2 protein chains.
Amino acid sequence: MAATQETGVFTYRLDLAYEGTDFRGFARQPRVRTVQGELEKVLSVVLREDVLTTCAGRTDAGVHARRQVVSLTRSRRIDDEAAVARSLNRLLPPDVRVNRLSRAGEGWSARFSAEWRAYRYYVRTDPVSDPLGRRLVWHLGVPLDIDAMNRAAAFLVGTHDFASFCRAAEGRYSVREVREAQWRVEKAGHLIFEVLASSFCQQMVRSMVGWCAEVGRGRREASETPGVLAARSRQAAGPVAPPQGLVLWEVGYGEPEESRPGDE
Amino acid sequence: MAATQETGVFTYRLDLAYEGTDFRGFARQPRVRTVQGELEKVLSVVLREDVLTTCAGRTDAGVHARRQVVSLTRSRRIDDEAAVARSLNRLLPPDVRVNRLSRAGEGWSARFSAEWRAYRYYVRTDPVSDPLGRRLVWHLGVPLDIDAMNRAAAFLVGTHDFASFCRAAEGRYSVREVREAQWRVEKAGHLIFEVLASSFCQQMVRSMVGWCAEVGRGRREASETPGVLAARSRQAAGPVAPPQGLVLWEVGYGEPEESRPGDE
């Protein structure tokens, strides 16, 4: 236990989950409740020094995370990562939980080392909403043509300029590589959009879902999707889906296949 | 549409779902937020008369319902039940929803016509709680011996005096017929207790779960269960499980098998 005095630069990886309902997003902001704000406050208490964190995916207000990944560096080694994780959970509010704290290699970054991010978006089409699941779903409440939605989603796979699917920001680079994008029916009335990309620009998944929903309702045609991409204008893709249906599902760091966390 | 003037005694059945988190239980009480209180307030607005309701299962504070059933009688016929259900949902808070309003036979009662009630209780054994599911589960956070729990549950099936599993109440009749009671693993770390009985006394499911959890943790033996029943004392069964893991799952009115709502 005397190893505490070892000094240098020590990098750590934190895996966490949160329900976004009562947070104004992940990123620290003055005077509002954010995941990063709560996390750094508690980290500074447990580790007895100010800690700055970097995350793999800066989720917006109301968006949830099943597996968010965060990196932090310290000048001292942590002896017992599991004990620190337990201490963090004792102090954190119940809507955020640390699943693991582990040592990472020097220079490793939750953000820049990530090879891909996977999100899921939950939609319910039943006419009456479900009070028990309402915080984690977009209750659209109308029938959707899932085949048409999958035809639209297929146009989004590949490397494209997603300016039409990104929150407008002057001069932001909006080219992304979407590797997978598909809708599936979990059970009657329960739809899930699964999307995996190198990275996402802001509101990209919710814009894709909003567009697919327009197609699924028959207001627009799947075949219009290439034109929407080409327009490079947020207005072209129609309304953005609400945040509460979106979950940051997993982040990939090029681990060998067998060590990847399994699907649930 | 002139049929509105038809008078007499008209009985209706309301199927509803609610998340119990922010309710002080189902039953109307002065000055606190209850499901029945919210429902009757909205019914009186939509139907333009005071309405008293009777339910199939009076759930306690914090307990949820996937399918609660309520009966009410009126002196006038409702022309369009679906339209009334939609109006109710427009006025109800998001944590309670009417799934159906339908005409029932004269003398039918949600409570007295019910042949059985089915509840489910959700337990999580993972060491770290899940922020996304936390409102609908008892996060026990320790490994449980499900085989031992099922041996304990098997002793509870049948017609017994459940005084040891009922909230103490002087002179209350506590004999019940439990038809099914079993634990199953939904996926790793996710346990579900499924129980079906003619009816339940207060806190009966939570007491059964509390007892099974004691057995599952190895603090008590499944073989002690008959002795706990015989003791006819609430103290014999150990701690009561918390309300948030419990869901009123379904109520049976002796419909033919094929018309029963399917399992999800």
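What counts, and where the lines are drawn
Residues numbered from 1 in each chain as written. Chains lettered and ligands numbered in written order. Predicted model: local features only at pLDDT ≥ 70, side-chain atom pairs only at ≥ 80, totals over all residues. Heavy atoms only, no water. Contact = heavy atoms within 4.5 Å. Buried area = accessible area lost by both parts, 1.4 Å probe. Salt bridge = Lys/Arg side-chain N within 4 Å of Asp/Glu carboxyl O. Helix = DSSP H or I, 4+ residues; strand = E, 2+ residues; numbered from the N terminus. Nonpolar A, V, L, I, M, F, W, Y, C, P; charged D, E, K, R; others polar. Phe/Tyr/Trp six-rings, centres within 6.5 Å; stacked < 30°, edge-to-face > 60°. Buried < 20%, exposed > 50% of the residue type's maximum accessible area, 1.4 Å probe, protein only. Lys NZ or Arg CZ within 6 Å of the ring centre and 35° of its normal. Axes fitted to C-alpha atoms, helices over the stretch in contact; angles between N-to-C directions. Left-handed = near helix turned anticlockwise from the far one by under 90°. Disulfide = S-S within 2.5 Å. Least-squares fit on C-alpha atoms with pLDDT ≥ 70 in both. Parallel < 35°, antiparallel > 145°, perpendicular 65-115°, else oblique. pLDDT = per-residue confidence, 0-100. Pairing = 2+ DSSP bridges.

Glancing now at the interface of chain B and chain A. Listed as interface residues are 24 residues of chain B and, on the opposing side, 24 residues of chain A. Together chain B and chain A conceal approximately 1,800 Å² of surface at their shared face, both sides included; 56% is due to carbon and sulfur atoms. Between the two partners, chain B and chain A, sit 4 salt bridges. Of the charged contacts in the structure, one is a salt bridge between E19 of chain A and R134 of chain B, with a shortest N-O distance of 3.1 Å. Listed by contribution, the elements that provide at least two residues to the side of chain B that touches chain A are β1 (7–18), β3 (64–76) and β4 (96–104) of chain B. A per-element tally of the side of chain B that touches chain A places β4 of chain B first, with 4 residues. Looking at the side of chain B that touches chain A residue by residue, the class counts come to 11 nonpolar, 4 polar and 9 charged.

Moving on to the packing of aromatic side chains. Any two aromatic rings considered together are summarised by their centre-to-centre distance and by the angle between their planes. Going through the model one piece at a time under the given rule, you end up with 14 aromatic pairs over all chains. Pairing F162 of chain A with F165 of chain A gives two aromatic rings, centres 6.2 Å apart and planes at 70°, and the pair type is edge-to-face. Summarising the burial analysis for this pair, F162 of chain A and F165 of chain A share the class buried. Between Y119 of chain B and F200 of chain B the ring centres are 5.1 Å apart and the planes differ by 85°, which places this aromatic pair in the edge-to-face class. You can see Y119 of chain B sitting in strand β5 (residues 116–124) and its partner F200 of chain B sitting in the loop between β9 (190–197) and α4 (204–216), a full 81 residues away along the chain. F200 of chain B sits in the buried class, given a relative accessible area of 17%. Above the plane of the ring of W249 of chain A lies R120 of chain A, whose end atom (NZ or CZ) is 4.0 Å from the centre.

Residues and elements named next belong to chain A. Contact pair helix α3 (residues 146–156) / helix α4 (residues 204–216): the axes reach a minimum separation of 8 Å and the direction vectors enclose 140°. In this structure, the crossing between α3 and α4 has a hand that is right-handed. Residue-level inspection shows A148, M149, A152, A153 and L156 of α3 in contact with α4, the latter providing M208, W211, C212, A213, V215 and G216. For the contact of α3 with α4, the class distribution of residues is 10 nonpolar, 1 polar and no charged.

Moving on: the state of the cysteines. By definition, a disulfide links two cysteine residues through a covalent bond between their sulfur atoms. Residue and element names in this part refer to chain B. In this structure the tally under the stated criterion is 2 disulfides over all chains. Note on cysteine connectivity: C166 is disulfide-linked to C201, with sulfurs 1.6 Å apart. Between C166 and C201 the sulfur-sulfur dihedral comes to about -45°; the bridge is accordingly left-handed. With C166 in the loop between β7 (158–161) and β8 (175–187) and C201 in the loop between β9 and α4, this pair connects stretches of sequence that are 35 residues apart. On the accessibility criterion, C201 (11% relative accessible area) is buried.

For the pair of chain copies, the relating transformation is a rotation about an axis with a translation along it. You can overlay chain B on chain A at an RMSD of 0.0 Å; the transform is a turn of 180° with a shift of 0.0 Å along its axis. Overall, the copies show the geometry of a two-fold rotation axis. Among all C-alpha atoms of chain B, that of G133 of chain B lies closest to the rotation axis, at 4.6 Å.

Residues and elements named next belong to chain A. Two elements in contact, helix α1 (residues 35–47) and helix α2 (residues 81–91), have axes whose closest approach is 10 Å; the angle formed by their N-to-C orientations is 130°. The angle between the axes of α1 and α2 places the two elements in the oblique class. Remark: the crossing between α1 and α2 carries right-handed chirality. Residues V42, L43, V45, V46 and L47 of α1 touch α2, and the partners they reach there are V84, S87, L88 and L91. Of the residues that constitute the contact of α1 with α2, the class distribution is 8 nonpolar, 1 polar and no charged.

Residue and element names in this part refer to chain A. Per-chain confidence: chain A averages 92 in pLDDT, with 93% of residues scoring 70 or above. For the stretch residues 256–264, pLDDT sits under 50, and the model shows 11 contacts to residues farther than four places along the chain or on other chains. Model confidence for the complex is summarised by a pTM of 0.89, with the ipTM given as 0.85.

Moving on, we come to the pairing of strand β9 (residues 190–197) of chain A. Residues in a regular strand point their side chains to alternate faces of the sheet. All names here are of chain A. Most of β9 is tucked away: 8 of the 8 residues are buried. Burial along β9 is two-sided: H190, I192, E194 and L196 facing one way and L191, F193, V195 and A197 facing the other are all buried. The sheet contact formed by strand β5 (residues 116–124) and β9 spans 8 bridges and is antiparallel. Across the sheet, R120 pairs through a bridge with E194, a residue of β9. Sheet topology places strand β8 (residues 175–187) next to β9; 8 bridges connect them, and they run antiparallel. For K187, the partnering residue across the bridge sits in β9 and is H190. Hairpin connection of β8 to β9: 2 residues between the antiparallel strands, including G189 at a positive phi of 85°.

Here we come to the side chain of T125 of chain A. By secondary structure assignment, the location of T125 of chain A is in the loop between β5 and β6 (138–139). In this structure, T125 of chain A is in contact with G141, V142, L144, G189 and L191 of chain A, ignoring residues within four places of it in sequence.

Let us look at the pattern of salt bridges. All names here are of chain A. In total, this model carries 32 salt bridges over all chains according to the counting rule given. E40 is paired through a salt bridge with R28; the nearest N and O atoms lie 2.8 Å apart. In this pair, E40 sits in helix α1 while R28 sits in the loop between β1 (7–18) and α1, placing the two residues 12 residues apart along the sequence. Residue classification places R28 among the partly exposed residues on the basis of a relative accessible area of 42%.

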